[in-house]
Amino acid sequence: MIQYQVKYITHNDRIAVCYLYADNFEEVTASANILQGCKEVISIHPWPTEVLNERKTDQ
């Protein structure tokens, strides 16, 4: 599975970010479009696990 970063606009017009795991781009796109509170998807791209792990240890 690949981890993806998804940026989207919420129903109250704020930008939100979440991270989803999927086997391919089509799968993550389908999941992103049904996120609760998602009004419009802004971007989807693979997110390196190393970067996410570094951020978790920095906090």
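Definitions and cut-offs
- Residue numbers restart at each chain and count upward from 1, following the sequence in its written direction.
- Local features in a predicted model are, by the rule used here, given only for residues with pLDDT of at least 70; side-chain atom pairs are given and counted only at 80 or more, and totals for whole chains, interfaces and linings are based on all residues.
- In computing side-chain properties, one takes all heavy atoms of the structure into account and sets aside hydrogens as well as water.
- For the purposes of this entry, the term helix denotes a DSSP run of H or I that reaches at least four residues, the term strand denotes a run of E that reaches at least two, and both are numbered from the N terminus.
- When a residue's accessible area, from a 1.4 Å probe over protein chains only, is under 20% of the maximum for its type it is buried; when over 50% it is exposed; and in between it is partly exposed.
- Contacts are residue-level and defined by heavy atoms, with any inter-residue pair within 4.5 Å sufficient.
- Counted as salt bridges are all cases of a side-chain nitrogen of Lys or Arg within 4 Å of a carboxyl oxygen of Asp or Glu.
- Only strands that DSSP links by at least two bridges are regarded as paired with each other.
- Only the stretch in contact is used when a helix axis is fitted, and all axes are lines through C-alpha atoms; the angle between N-to-C directions ranges over 0 to 180 degrees.
- The rule is short: rings of Phe, Tyr and Trp, with Trp giving its six-membered ring, pair when the centres are within 6.5 Å, and they are stacked under 30 degrees, edge-to-face over 60, tilted in between.

S.K.: Sorry, what's going on with the overall build of the protein chain here?
M.R.: Within the protein chain, the regular secondary structure consists of two helices and three strands. In sequence order, the secondary structure elements of the protein chain are arranged as β-β-α-β-α. With 59 residues in all, the protein chain has 29% of them scored as buried. Here the analysis covers contacts within the protein chain between residues at least 6 apart in sequence; of these, 50% occur between residues at least 24 apart.

S.K.: Can you help me understand the pattern of salt bridges in this one?
M.R.: Working definition: two side chains of opposite charge can pair if their charged atoms are close together. One pass over the full model with this rule turns up one salt bridge. Taking the shortest distance from any N to any O, the salt bridge between Asp 13 and Lys 39 comes out at 2.4 Å. Taken together, the residues Asp 13 in the loop between strand S1 (2-10) and strand S2 (15-22) and Lys 39 in strand S3 (residues 38-46) connect sequence positions 26 residues apart. The exposure class of Lys 39 is partly exposed, given its relative accessible area of 46%.

S.K.: I tried to follow the sheet that holds S3 on my own but got confused; where do I start?
M.R.: Two orientations exist for strands paired in a sheet by backbone hydrogen bonds: parallel and antiparallel. Spatially, the three strands line up as an open sheet ordered S2-S1-S3, and their pairing is antiparallel. With one partner strand each, in any of the chains shown, S2 and S3 form the two edges of the open sheet. Strand-to-strand twist of the sheet, defined as the mean angle between neighbouring strand axes without regard to direction, takes the value 30 degrees. Note that S1 and S2 share eight bridges and pair antiparallel. Bridge assignment links Tyr 4 to a residue of S2, and that residue is Leu 20.

S.K.: How should the packing of aromatic side chains be read in this particular structure?
M.R.: Aromatic rings considered in pairs are described by the distance between their centres and by the relative angle of their planes. Counting across every chain of the model gives two aromatic pairs. Aromatic pair Tyr 4 and Phe 25: ring centres 6.4 Å apart, planes at 65 degrees, arrangement edge-to-face. You can see Tyr 4 sitting in strand S1 and its partner Phe 25 sitting in helix H1 (residues 25-33), a full 21 residues away along the chain. Ring centres of Tyr 19 and Trp 47 lie 5.6 Å apart, and the angle between their planes is 55 degrees; on these two criteria the pair is classed as tilted. Of the two residues, Tyr 19 is situated in strand S2 and Trp 47 in the loop between S3 and helix H2 (49-58); the sequence distance between them amounts to 28 residues.

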